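# Overview (structure and organization)
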Amino acid sequence: MQRYTRGKMDEMLCASCLDRMAVQDAIEDKFIYMYELATSERSDQALDCLNAIWEANRHRDHTGWLARSVASTRAFILHQAGRYTEALQASEAVAQLGFENVTARWAYGDARARNLRALGRHREALETFEEAFSHQDSMYVSSAPYYFDTLVELSKNLGQPVHEKWRSVAEAVAEEFAVEMPVRNSLGESMRALAEMTRDMPSKAQREWQATHGGGTGEDAP
């Protein structure tokens with residue numbers, strides 16, 4: 001066991017866990033820098049930086065976390081640079097590496113849909129996102145509202161309402177946050193209102209953690 005200290009975190013970690021944190025720190029420390037390069041017409045430099053991070057830390061990537069992060073960051077850099085076709089191609093590597101959980105799949109679908117929308121392929125964008133978002137897991141339902149706006153916008157681009165099949169997801173979110181489902185003129189508007197309503201609310205897991213740990217802000221809750 002070795003001590004890991006960063007920000008407010010100060011813990012004893014095993015060797016593999018220490019490597020996991022090291023590779024995460026390596027990419028997070030350079031993310032803003034790479035973003036700034038990508039948005040200032042220096043995307044090739046941003047990609048060079050990302051490749052350097054991979055080469056310097058790949059020996060520590062015991063779980064594949066860094067490989068997945070590098071793949072998704074590469075697609076992100078290309079998108080930010082307006083290189084949408086290349087970003088689509090790069091995103092294929094994300095899917096090939098697999099998804100840690102459904103939220104990673106949702107993020108992949110969201111990113112891929114944004115590139116398709118930028119290329120004017122609106123129907124394909126919606127179909128791509130809906131396929132990814134159709135993989136639901138009750139463990140991650142509290143993260144679903146983050147993607148409601150994407151669903152609404154992609155549907156609107158095609159001049160159609162959000163499909164009724166997504167109502168059950170919205171209702172599960174309302175139950176998770178113990179709120180009433182907002183009633184608006186359309187399902188899409190209700191989902192947007194629900195996302196806004198629950199933005200800073202604790203999830204069921206966080207409320208249960210607070211209840212068993214004597215309340216508090218819940219900042220350290222799972």
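Structural notes, computed from the coordinates.

Reading guide: rules and limits
- Residue numbers run consecutively from 1 along every chain, following the written order of its sequence.
- Whole-chain, interface and lining totals are the exception, using all residues; otherwise, since this is a predicted model, local features are given only for residues with pLDDT of at least 70 and side-chain atom pairs are given and counted only at 80 or more.
- Water and hydrogen atoms were dropped before computing side-chain values, which therefore reflect all heavy atoms in the structure.
- For this analysis, a nonpolar core means a set of buried residues of the types Ala, Val, Leu, Ile, Met, Phe, Trp, Tyr and Cys, connected via side-chain atoms within 4.5 Å.
- Note on classification: 1.4 Å probe, protein chains only; a residue is buried when its accessible area is under 20% of the maximum for its type, exposed when over 50%, partly exposed between these limits.
- Each helix is a run of DSSP H or I of at least 4 residues and each strand a run of E of at least 2, with the numbering of both proceeding from the N terminus.
- Contact criterion: two residues are considered in contact whenever any of their non-hydrogen atoms come within 4.5 Å of each other.
- What makes a salt bridge here is a side-chain nitrogen of Lys or Arg within 4 Å of a carboxyl oxygen of Asp or Glu, nothing more.
- Each axis is a line fitted through C-alpha atoms, and for a helix only the stretch in contact is used; angles between axes span 0 to 180 degrees, taken between their N-to-C directions.
- When an angle is under 35 degrees it counts as roughly parallel; over 145 it counts as roughly antiparallel; between 65 and 115 it counts as roughly perpendicular; any other value is oblique.
- In a left-handed crossing the near helix is turned counterclockwise from the far helix by less than a right angle, and in a right-handed crossing that turn is clockwise.

Time to look at the nonpolar core. Soluble globular proteins: nonpolar side chains tend toward being buried together. Grouped together as the largest cluster of nonpolar side chains are 29 residues, with contacts concentrated most on Phe133, Phe148, Met191 and Leu194. Elements that contribute at least two residues to this core include exactly α5 (102-118), α6 (122-133), α7 (148-157), α8 (167-176) and α9 (187-198). With residues near it in sequence (within four places) discarded, Phe133 still touches Trp106, Ala144, Tyr147, Phe148, Trp166 and Val169. Counting 19 residues, the second-largest nonpolar core is a separate cluster that includes Val23, Leu47, Leu78 and Ala87.

A complete count under the given rule lists 12 salt bridges for this structure. Among the ionic pairs, Glu196 bridges to Arg199, the shortest N-O distance being 2.6 Å. Given the relative accessible area of 54%, Arg199 is considered exposed.

Relative to the assigned elements, Ile53 resides in helix α2 (residues 43-57). Judged by its relative accessible area of 7%, Ile53 is buried. Separated by 23 residues in sequence, Ile53 and Lys30 have C-alpha atoms that sit 8.7 Å apart. In contact with Ile53, other than residues within four places in its own chain, are Ala26, Ile27, Lys30 and Met34.

Axis separation between α5 and α7 bottoms out at 12 Å; the angle between their running directions is 25°. Classified by the angle their axes make, α5 and α7 are roughly parallel. The handedness of the crossing between α5 and α7 is left-handed. Packed against α5, whose contacting residues are Asp110, Ala113, Arg114 and Arg117, the element α7 presents Thr150, Glu153, Leu154 and Asn157 at the interface.

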